[in-house]
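# Survey of secondary and tertiary structure
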Amino acid sequence: MHRTQVQFVALALVAALSVGGLAQQARTLVVGIESDALTLDPGNFRHRETETILRNMFDGLVTRTPDGRIVPELAESWERISPTEWVFYLRDGVTWHDGTPFTAADVVFTVERTVKEGRIAGLTSPRKGLLDPVTDAVALDRLTVKLITSVPFAALPSFLPHTLIVPQHYVEAVGDERFAANPIGTGPFRFVRWDRGQQVVMERYDAYYGGATDLPPVGPAPLDRVIFRVLPETSTRIAALRAGDIHIATRIPVDLIPEIEADPNLTVMSVRGTRSAFLEMNVNQPPFDDVRVRRAINYAIDVDTIVKFILNGLATPIPTIMSPDSPFYAPLTPYGYDPGKARALLAAAGYGAGFSVTIDTQPHFRDVALVIAEMLRDVGIDAKVQEWDWGLLQAELLAGRRMMHLGDWGNSTLEPNDIMIPKLVTGERGNFSGYSSRVLEALIDLAERGTVDPEVRRQAYQIAQQVIFDDAPMAFLWVAQESYGVSRRVVGWTPSPDSRINLHDVDLLP
C-alpha cells in the first residue's frame, strides 16, 4: 500500500471513530410505554398512548400546561366574535418538518378532516366527537382562521389541545395511508422510524419555532433523539429502567413504588390523573334495575380504606364521576361506608337474602376488585371476580351482557361533557351501565348547546352531578394518581395529569 493510501485509510478510520463517538454522545431519551401507537395519523385514533407519542411530533392551535391552563401554541391568540364563531390568529414563521410553511389552510384542512364525514380514507375521524359542534373552518387570510359551531360551544378551547394540526400539502400528496406510517408535523421532534410493536423513533427538528411561549424555555429541544419503546409488561419496564435502558417508565403500580425508590439512580414522580374509577352496574337488569340496590352497593364499599391501604393514599375519593380538579366539580358528600344501611336497602328492595354477581375487570384492577368482592360479601352479596382481556370485555359490556364492571374513564379536558356523555348518555360508546336519564341529558344539552354563560353552565352541571349521585348507576370510587419511574438523569420533565409525555423541554444529564 502506498503512503498516500495509508494516510487515506488512517484518516477514514479517525473520521469513522469520530462519528461513532459523536453518535454515542448523542442525547437519546427512551420512554418505556405500555402500548404501541395505533397509528401515526393524529386524526384517526382514540387512544391515550397514541396521543402521548404523537404529541412530540405534532402541535395544536393551543395546548394545556401541567397545571391545566389552556395556552396558545400554533395560535398566538384567539377571540370569540359571536356565540358560534371563533377566530384564531396563527403564529408566523412555523414550518412543517419538510420546510413547507404552516398556514391557515392547514388548520382548515385539519378541522374539516376531523368533523366532516368520510374524510380519512373514506372513513370518518374517530375524533369527531371531540369537536362535534364544530361545523366548518374558514381561512380569513394566510394566518387567520375562523371556526364555526352549530350551537354555542363554550368548552371549545378545552377540547382543542387534542386536535393536532396536520399538513394539507403532504397528506394530499402521499395519501392517508402513507401519512399514517410516515408523518410530518410541526412539533419539536420529527419522525425517523416506526418498528411496529417495538418502538417509535424521532429526532430533534432544528428549525422548530419553539413551542408555546407560556411554557418556557422556548426553542429547539435539547435532546437529539427520543424513542418510545413498547414494553407492555410492568416488570419488564421496571427492569429496563433499573438497567438504564430506558429513562422514563409509565404506569408504575403502587406496590412497586418502594422498589424503585430504593434505587439511588431512580425516583418516582406522581400526579393526580384525570381518570375516574367506578363500579358500573347494569341498570336494565335485576337486581340493579332497583336504585335501592345500587345505593346499597355504594354504602357497602369502604372507599377510604381501599385508598389508604391498597392504593397507599395515592388516590382521591370522589362523590360522583367528576374529578375535584374540574372547575365544574360539585363537592357533594360521598355515600360513605355504612354496611348496616347497605343491608337495610337490600332488604327493602327484596334482596335481604343477597344475590350472586361477578365483578368483571382487567388485570391491573385485580387487587382492588378482590377487596370490593370481600366487602360485598360482608353485606350478603355473593361476589366473585373475573379478569378479562379488554377487547373481549368491551364488546360484552356494550352488548349489555355483563352485570358489574370495575374500571375507569379518562377526562383529560376536565369538562363534564367529556365524561358524562360517553359514560351516561343513552347509547354512547362508554355507557356500560345502560343508564338513561332525560333530566341529565337535558342538563348536559343546556350547558353545552343552550348557553355560553359560565354561571348557567356551572349550575347546570352542579345539578347534573346531584342527579348522577341520586340515581347511582355506578359505585363512585376515586381519581388515582399516575406514577412514573424516572431516571435521575432526566431534567426538565413534569408528569402531566392527562398522561401526555411532552419531551420538548427535557434533557439528560451525563
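Residues numbered from 1 in each chain as written. Predicted model: local features only at pLDDT ≥ 70, side-chain atom pairs only at ≥ 80, totals over all residues. Heavy atoms only, no water.

Okay, the sheet that holds strand β7 (residues 144-149) next. Ordered by their spatial adjacency, four strands build an open sheet running β4-β5-β7-β6, and the pairing between neighbours is antiparallel. The two strands at the open ends of the sheet, each matched to only one other strand, are β4 (75-82) and β6 (134-141). Strand-to-strand, the axes of this sheet are offset by a mean angle of 20°, without reference to chain direction. Note: strand β5 (residues 85-90) against β7, five bridges, orientation antiparallel. Residue pairing in the sheet places F88 in a bridge with V145 of β7. (Pairing = 2+ DSSP bridges. Helix = DSSP H or I, 4+ residues; strand = E, 2+ residues; numbered from the N terminus. Axes fitted to C-alpha atoms, helices over the stretch in contact; angles between N-to-C directions.)

Under the counting rule described, the total for this entry stands at 14 aromatic pairs. Ring geometry for W96 and F102: centres 6.1 Å apart, planes at 70°, overall edge-to-face. Relative accessible area serves as the criterion here: at 0%, W96 is assigned to the buried category. What makes F102 buried here is its relative accessible area of 2%. Ring centres of Y351 and F355 lie 5.6 Å apart, and the angle between their planes is 80°; on these two criteria the pair is classed as edge-to-face. A residue is classified by how much of its surface remains accessible, and F355, at 12% relative accessible area, is buried. Cluster of aromatic residues (ring-pair linked, three or more members): F58, Y170 and F179. In this arrangement the basic side chain of R127 is found over the ring face of F45, its NZ or CZ atom lying 4.2 Å from the centre. Over the aromatic face of W194 sits the side chain of R196, whose NZ or CZ is 4.0 Å from the ring centroid. (Phe/Tyr/Trp six-rings, centres within 6.5 Å; stacked < 30°, edge-to-face > 60°. Buried < 20%, exposed > 50% of the residue type's maximum accessible area, 1.4 Å probe, protein only. Lys NZ or Arg CZ within 6 Å of the ring centre and 35° of its normal.)

The next thing to look at is the nonpolar core. Grouped together as the largest cluster of nonpolar side chains are 69 residues, with contacts concentrated most on I297, I301, I372, L376 and W478. Within the second largest apolar cluster, 66 residues are counted, among which are V62, F102, L147 and V490. (Core = buried A, V, L, I, M, F, W, Y, C linked by side-chain atoms within 4.5 Å.)

Pairing geometry for strand β14 (residues 356-361) and strand β15 (residues 382-387), over six bridges, is parallel. Among the inter-strand pairings, I359 is bridged to a residue of β15, identified as V385. For the segment spanning β14, helix α12 (residues 366-378) and β15, crossover handedness is right-handed. (Right-handed = clockwise from strand over helix to strand, strands pointing away.)

With that settled, the discussion passes to the pattern of salt bridges. A complete count under the given rule lists 35 salt bridges for this structure. Put simply, E85 and K146 hold a salt bridge, and the shortest N to O gap is 3.1 Å. Remark: K146 occurs in strand β7 and E85 occurs in strand β5; sequence separation between them is 61 residues. Looking at E85, the relative accessible area reads 21%, which means it is partly exposed. A salt bridge links D92 to R142; its shortest N-O distance comes to 3.3 Å. Residue D92 is located in the loop between β5 and α3 (104-115), and its partner R142 is located in the loop between β6 and β7; the two are separated by 50 residues in the primary sequence. On the basis of relative accessible area, D92 is assigned to the partly exposed category, the value being 49%. (Salt bridge = Lys/Arg side-chain N within 4 Å of Asp/Glu carboxyl O.)

Below, the discussion takes up α3. Every α-helix winds through 3.6 residues per turn, so residues three or four apart in the chain are directed the same way. Here α3 spans 17 Å end to end across twelve residues, near enough to the 16 Å set by a 1.5 Å rise per residue. With eleven of twelve residues buried, α3 is to be regarded as a mostly interior element. Restricting attention to buried positions, one finds in α3 the residues A104, D106, V107, V108, F109, T110, V111, E112, R113, T114 and V115. On its buried face, α3 is in contact with β5, β6, β7, α5 (168-174) and α6 (176-181). (Expected span 1.5 Å × (residues − 1). Contact = heavy atoms within 4.5 Å.)

Relative to the 18 Å expected for 13 residues at 1.5 Å per residue, α12 spans 19 Å between its end C-alpha atoms, a close match to the ideal helical length. Taken together, the buried positions of α12 are V368, A369, I372, A373, M375 and L376. Within α12, the buried residues cover an arc of 165° as seen down the axis, which keeps them to one side. At the C-terminal side of α12, G380 shows a positive phi close to 100°. (Arc of directions from axis to C-beta.)

For the second largest pocket, the calculated volume is near 510 Å³. Going through the elements one at a time, α14 (417-424) and α15 (438-450) are the ones with two or more residues in the lining of the second largest pocket. Among the elements that take part in the lining of the second largest pocket, α15 stands out by supplying five residues, more than any other. Here the lining of the second largest pocket gathers at least three residues from each of two domains, domain 1 (28-265 + 488-508) and domain 2 (273-481). (1 Å grid on protein atoms, 1.4 Å probe; cavity = no way out; pocket = protein on both sides within 12 Å on 5 of 7 lines; lining within 4 Å. Points joined across faces, edges and corners; volume = space filled by probe spheres on them. Domains from an automatic or database assignment.)

What follows covers empty space enclosed by the protein. By the definition in use, this model includes one cavity of 30 Å³ or more. There is about 80 Å³ of room inside the largest cavity. Lining the largest cavity, in full, are P42, G43, T110, R113, T114, I120, S125, R127, H162, T163, L164 and V166.

Inspection of the sheet shows strand β12 (residues 266-281) paired to strand β17 (residues 474-487) by twelve bridges, in the antiparallel sense. Bridging across to β17, T267 finds its partner in V486. Relative to strand β16 (residues 404-410), β12 runs antiparallel, the two being bridged by seven bridges. Across the sheet, residue A277 finds its bridge partner in β16, namely D408.

As a packed pair, α14 and helix α16 (residues 454-471) sit with axes 12 Å apart at the nearest point and diverge in direction by 35°. As α14 packs across α16, the resulting crossing turns out to be left-handed. Residues N417, M420 and L424 of α14 form the contact with α16, whose participating residues are Y461, A464, Q465 and I468. A per-class count over the contact of α14 with α16 returns five nonpolar, two polar and no charged. (Left-handed = near helix turned anticlockwise from the far one by under 90°. Nonpolar A, V, L, I, M, F, W, Y, C, P; charged D, E, K, R; others polar.)

A few words now on the side chain of Q199. Considering the arrangement of structural elements, one finds Q199 in strand β9 (residues 199-204). Sequence-distant contacts of Q199, that is, excluding residues within four places in its chain, are made with R193, W194, I227, F228, R229 and V230.

This part is about the domain arrangement of the protein chain. Split by domain assignment, the protein chain resolves into domain 1 (28-265 + 488-508) and domain 2 (273-481). Averaged C-alpha coordinates put domain 1 and domain 2 at centres separated by 31 Å. With 21 residues of domain 1 at the interface, the matching set in domain 2 holds 21 residues. Carbon and sulfur atoms make up 55% of the area that domain 1 and domain 2 hide from each other, which totals about 1,700 Å². Viewed at the interface, domain 2 and domain 1 are joined by one salt bridge. As a salt-bridge pair, R449 and D132 come within 3.9 Å of each other at their nearest N and O atoms. Summed over the shared surface of domain 1 and domain 2, the result is four residue pairs in polar contact (both at pLDDT 80 or more). Residue classes in the side of domain 1 that touches domain 2 are distributed as eleven nonpolar, three polar and seven charged. (Buried area = accessible area lost by both parts, 1.4 Å probe. Polar contact = N/O pair within 3.5 Å; in protein donor to acceptor, adjacent residues only side chain to side chain.)

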